[in-house]
Amino acid sequence: MDPRTKTLLEAPIAPTLLRLAIPNVMTTLVQASTGLIEAYFIGWLGTDALAGVALVFPGLMLMQMMSAGAMGGGVSSAVARALGGGRRAEADAVVLHALVIATGIAMFFTAAVLAGGPWLYAALGGRGESLSTALIYSNIVFAGVILIWLFNTLASVIRGTGNTFIPAVVTLAGAALLIPLSPCLIFGFGPLPRMGVAGGAAALLMYYGFGALFFAIYLWSGCGVLRPNLLATSLRWPMFRDILRVGALSSLVSLMTNVTIALTTGLVGAFGPAAIAGYGIGTRLEYLLIPLAFGFGGPLVALVGTNLGAGNRERAVRAAWIGGWICFGLAEAIGVAAALAPEAWLTLFDRDPAMIAAGSAYLRVVGPFYGFFGLGMALYFASQGAGAMAWPLLAGLVRMAIAVGGGWLLLRAGADLAWVYAALGAALLVFGLTIAGAVASGAWFRQAK
């Protein structure tokens, strides 16, 4: 047995989880920061350029969440369970099937966004120069979106073996390349022409392209646990099903997370622009909890999947709870700190008194519930490792119903903004407790049957 797999099966859980999570947290934070770096430089081109790129950002974030945390979780889970069960050839075969799935999804989104981009960005409020900028940026990014999918798919394969170090190194090196490359292509430097927002899009794709190439070299050089042979592997439906039964449901959860925040933004909009701004800045902090949860979630997929593949049910469940309570503690600490001193976060973006008042109300009401969101997200990733995503999907639906439906009913009843925020906090509470209750009741093993 490979030493890395043996560690997942036998080493103390908490130290192993922390050792794997630290580089993974760094990876996710750096990946999240690449968008901020690019936005910083594009902001120098003016408001229209920044607004145009902002129109494309939700779609780009959806690609990131689906390819890394959702479908990528299905890939990592399939690899981990195969290695844990001693099925090395099956783990090798996962690579080809994962690449086929990634290529198919990337081609679908490329065709859809290139054809429907003008309508989509106009519907989101794009006009004139900002719409033109959005289309320039979007057409380049989505023409090459397969590079994002290949990068995250191959990284997920490697994480599934219990190796979070290599993805961290590649991500950090890529960020070091992107920081100088992005302004050089946006503004021009030496022989490089001034490309504007197109340069930012090109730099982003180069980051993902070079990273995907390095992951491929690592996998096929024999340095890792797997020895994939694409030409000698035949495509089989059960292999696709093993990835999709986790990845497809996880993608729905990711989609519901974004839809929930979008719809609740509409509810808050009834209280005016300042409320929208305050809520938007507040939810940025909530979005940052997702990379934190994924930092621990990636190793949890490998730990839970490998141990369940080996038949070690008790150890798999124990690993899930250890990871869940660690994420609960970290997220709750962030939420409580934000509730006690909301201005420390809000004034990083603006100092408008009305915005700060609305954002402070959000953080004071919802912040104390962040721990349950962290718990739920950690157990969501652990459920990916178990190949049992029915309950996390149900929890996402219930969260959306409480946040959107409850908030709408409260507005109809004449409630003020604080009560709408209370519905959002209750939704996070129920989301976390629903998944925790499912894991505690043994739902993983009932679904597996």
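Residues numbered from 1 in each chain as written. Predicted model: local features only at pLDDT ≥ 70, side-chain atom pairs only at ≥ 80, totals over all residues. Heavy atoms only, no water.

Trainee: Teacher, can you tell me more about the packing of helix 13 (residues 353-366) against helix 16 (residues 417-440) here?
Mentor: Relative orientation and spacing of two packed helices are given, respectively, by the angle between their axes and the distance between those axes. Contact pair helix 13 / helix 16: the axes reach a minimum separation of 8 Å and the direction vectors enclose 35°. Read as a crossing pair, helix 13 and helix 16 show a hand that is right-handed. Across the interface between the two elements, A358, A361, Y362, V365 and V366 from helix 13 touch L417, A418, Y421, A422, L424, G425 and L428 from helix 16. Here the residues of the contact of helix 13 with helix 16 sort into 11 nonpolar, one polar and no charged. (Axes fitted to C-alpha atoms, helices over the stretch in contact; angles between N-to-C directions. Helix = DSSP H or I, 4+ residues; strand = E, 2+ residues; numbered from the N terminus. Left-handed = near helix turned anticlockwise from the far one by under 90°. Contact = heavy atoms within 4.5 Å. Nonpolar A, V, L, I, M, F, W, Y, C, P; charged D, E, K, R; others polar.)

Trainee: Is there a simple way to explain the nonpolar core in this structure?
Mentor: Note that soluble globular proteins tend to have their nonpolar side chains buried in a common cluster. Grouped together as the largest cluster of nonpolar side chains are 66 residues, with contacts concentrated most on M63, Y121, Y137, F142, W149, F215 and I243. Within the residue set of this core, elements represented by two or more residues are helix 2 (13-42), helix 3 (47-84), helix 4 (88-123), helix 5 (128-143), helix 6 (145-160), helix 7 (165-187), helix 8 (197-220) and helix 9 (237-268). A per-element tally of this core places helix 3 first, with 14 residues. If near-sequence neighbours (up to four positions away) are discounted, F142 is found in contact with V56, G59, L60, M63, F109, T110, V113 and Y121. Grouped together as the second largest cluster of nonpolar side chains are 56 residues, I261, Y370, L393 and V439 included. (Core = buried A, V, L, I, M, F, W, Y, C linked by side-chain atoms within 4.5 Å. Buried < 20%, exposed > 50% of the residue type's maximum accessible area, 1.4 Å probe, protein only.)

Trainee: Would you take a moment to explain the pattern of salt bridges for this structure?
Mentor: Side chains that differ in charge, positive against negative, can pair when their charged atoms come close. Throughout the structure, instances matching the rule amount to seven salt bridges. Here D242 makes a salt bridge to R81, at a shortest N to O gap of 3.0 Å. Placement of D242 in helix 9 and of R81 in helix 3 is noted, with a sequence separation of 161 residues between them. For the pair D242 and R81, one class covers both residues: buried. The residue E90 makes a salt bridge to R87 at a minimum N-O spacing of 2.9 Å. Note on E90: relative accessible area 23%, which makes it partly exposed. The class for R87 is partly exposed, based on a relative accessible area of 36%. A cluster of three or more residues bridged by salt bridges with shared partners is formed by R81, D242 and R245. (Salt bridge = Lys/Arg side-chain N within 4 Å of Asp/Glu carboxyl O.)

Trainee: How should the packing of helix 10 (residues 273-309) against helix 16 be read in this particular structure?
Mentor: Contact geometry for helix 10 and helix 16: axes closest at 13 Å, N-to-C directions at 20°. In this view, helix 10 runs roughly parallel relative to helix 16, as classed from their interaxial angle. Note on packing geometry: the crossing formed by helix 10 with helix 16 is right-handed. Taking contact as the criterion, the partners of A275, Y279 and E286 in helix 10 are, on helix 16, L417, Y421, L424 and L428. Among the residues making up the contact of helix 10 with helix 16, the classes are represented as six nonpolar, no polar and one charged. (Parallel < 35°, antiparallel > 145°, perpendicular 65-115°, else oblique.)

Trainee: Please explain the side chain of R159 as it appears in this structure.
Mentor: Assignment of secondary structure puts R159 in helix 6. Using a relative accessible area of 5% as the deciding quantity, one classes R159 as buried. If sequence neighbours within four positions are ignored, R159 has contacts with N24, T27, S76, P167, F294 and A302.

Trainee: Looking at this structure, how should I read the packing of aromatic side chains?
Mentor: How two aromatic rings sit relative to each other is given by the distance of their centres and the angle of their planes. For the structure shown, the criterion picks out 15 aromatic pairs. Taking 5.5 Å as the distance between ring centres and 75° as the angle between the ring planes, the aromatic pair formed by W325 and F328 counts as edge-to-face. Highlighted residues: W325 and F328, both in helix 11 (residues 313-340), separated by three residues, approximately one helical turn. Using a relative accessible area of 48% as the deciding quantity, one classes W325 as partly exposed. Aromatic pair W444 and F445: ring centres 6.4 Å apart, planes at 80°, arrangement edge-to-face. Of the residues examined, W444 reaches a relative accessible area of 5% and is grouped as buried. Judged by its relative accessible area of 17%, F445 is buried. Among the aromatic residues, those joined into a cluster by ring pairs are F151, Y207, Y208 and F215. (Phe/Tyr/Trp six-rings, centres within 6.5 Å; stacked < 30°, edge-to-face > 60°.)

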